[in-house]
Amino acid sequence: LRDALPEIRHRGAELIIVGNGQPQHAIDFRDSEQVESPLYVDPELHAYAAAGLKRGLRSSLSPGVILRGLRAFGEGKRQGATMGDPWQQGGVFIIRPGNRVEFTYISEEAGDHPSAEAILSALDKLGRKKGGAARR
Amino acid sequence: MNVAKRLENISVLDPTGRPVRLGDLWRDQLVVLAFIRHFG
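What this report covers is the structure whose coordinates are included nearby. Keep in mind that this is a model prediction, so the values were computed, not measured.

Moving on, we come to the packing of aromatic side chains. The geometry of an aromatic ring pair is captured by the separation of the ring centres together with the interplanar angle, meaning the angle of the planes. Taken as a whole, this structure holds 2 aromatic pairs over all chains when the rule is applied. With centroids separated by 6.1 Å and ring planes inclined at 85°, the aromatic side chains of F93(A) and F35(B) adopt a geometry described as edge-to-face. With F93(A) in strand β3 (residues 91-96) and F35(B) in strand β3 (residues 30-35), the pair connects residues from two separate chains.

Laid out in structure tokens, this is it:
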């Protein structure tokens, strides 16, 4: 999703990344991955819980995860040392001012996340909605 | 209650450790809010 940052910003949105861990993890991540988006951490997982994101051994180790992990391993990708809570799953929301939620994606298991295309297409629809309203 | 309302009063920490209210992040702008599994 990070790679889509220029296109997200081009559509008038900001990408905000929340991670699970300590502030130092965010600094290390920003420096090693050269992340330009605003980064925050939620060490107590309060926001993850309020967002209804999943947590648990089962969602972390489903057959789909193991298959994808094996495939990634075969392709030479190795996961680095995990920081934060390894059982916490993620998710993506598109939110407009006024607490208007326009897109929701709750990850079911590790490696499950929305494609950049899905996010950009949701932003495009919002842009069209706005444009349509202006023309009416 | 939708997820934005559930989240707006929760604070997260910026990289310097300063608390930031989530709702302030989308008060004036459209955001893609991505919760990642873990860093690294």
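With that out of the way, let us pick up the interface of chain A and chain B. Listed per partner, the contact involves 54 residues of chain A and 31 residues of chain B. Summing both sides of the interface, chain A and chain B together bury roughly 3,700 Å²; the carbon and sulfur share of this comes to 67%. Put simply, chain A and chain B have 0 salt bridges between them. At the boundary of chain A and chain B, one finds 16 residue pairs in polar contact (both at pLDDT 80 or more). Broken down by secondary-structure element, the contributors of at least two residues to the side of chain A that touches chain B are β1 (13-19), α2 (23-33), β2 (39-41), α3 (46-50), β3 and α6 (116-135) of chain A.

Turning to α2(A), a few remarks are in order. Looking only at α2(A), the buried set comprises P23(A), H25(A), A26(A) and F29(A). Looking down the long axis of α2(A), one finds its buried residues gathered within 155° of arc, a one-sided arrangement. Pointing more than 90 degrees away from the buried face of α2(A) are the exposed residues D31(A) and S32(A). Close packing links the buried residues of α2(A) with β2 of chain A together with β1 (11-13) of chain B. After α2(A) finishes, the residue Q34(A) shows a positive phi value of roughly 50°.

Turning our attention to the pattern of salt bridges. The full count for this structure, using the stated rule, is 11 salt bridges over all chains. Note that E14(A) is salt-bridged to R9(A), the shortest N-O span being 3.0 Å. A residue is classified by how much of its surface remains accessible, and E14(A), at 15% relative accessible area, is buried. Among the charged side chains, a salt-bridge network with shared partners connects E8(B), R21(B), D24(B), R27(B) and D28(B).

Membership of the largest hydrophobic core comes to 24 residues, with the highest contact counts inside it found for I8(A), I94(A), I119(A), L123(A) and V32(B). Secondary structure elements with two or more residues in this core: α1 (5-10), β1, α2, β2, β3 and α6 of chain A together with β3 of chain B. Among the elements that take part in this core, α6(A) stands out by supplying 5 residues, more than any other. Ignoring anything within four residues of it in the chain, the contact list for V32(B) reads L1(A), I8(A), A13(A), E14(A), L15(A), I16(A), V92(A), F93(A), I94(A), I119(A) and L123(A).

What counts and what doesn't
- Residues numbered from 1 in each chain as written.
- Chains lettered and ligands numbered in written order.
- Predicted model: local features only at pLDDT ≥ 70, side-chain atom pairs only at ≥ 80, totals over all residues.
- Heavy atoms only, no water.
- Phe/Tyr/Trp six-rings, centres within 6.5 Å; stacked < 30°, edge-to-face > 60°.
- Helix = DSSP H or I, 4+ residues; strand = E, 2+ residues; numbered from the N terminus.
- Contact = heavy atoms within 4.5 Å.
- Buried area = accessible area lost by both parts, 1.4 Å probe.
- Salt bridge = Lys/Arg side-chain N within 4 Å of Asp/Glu carboxyl O.
- Polar contact = N/O pair within 3.5 Å; in protein donor to acceptor, adjacent residues only side chain to side chain.
- Buried < 20%, exposed > 50% of the residue type's maximum accessible area, 1.4 Å probe, protein only.
- Arc of directions from axis to C-beta.
- Core = buried A, V, L, I, M, F, W, Y, C linked by side-chain atoms within 4.5 Å.

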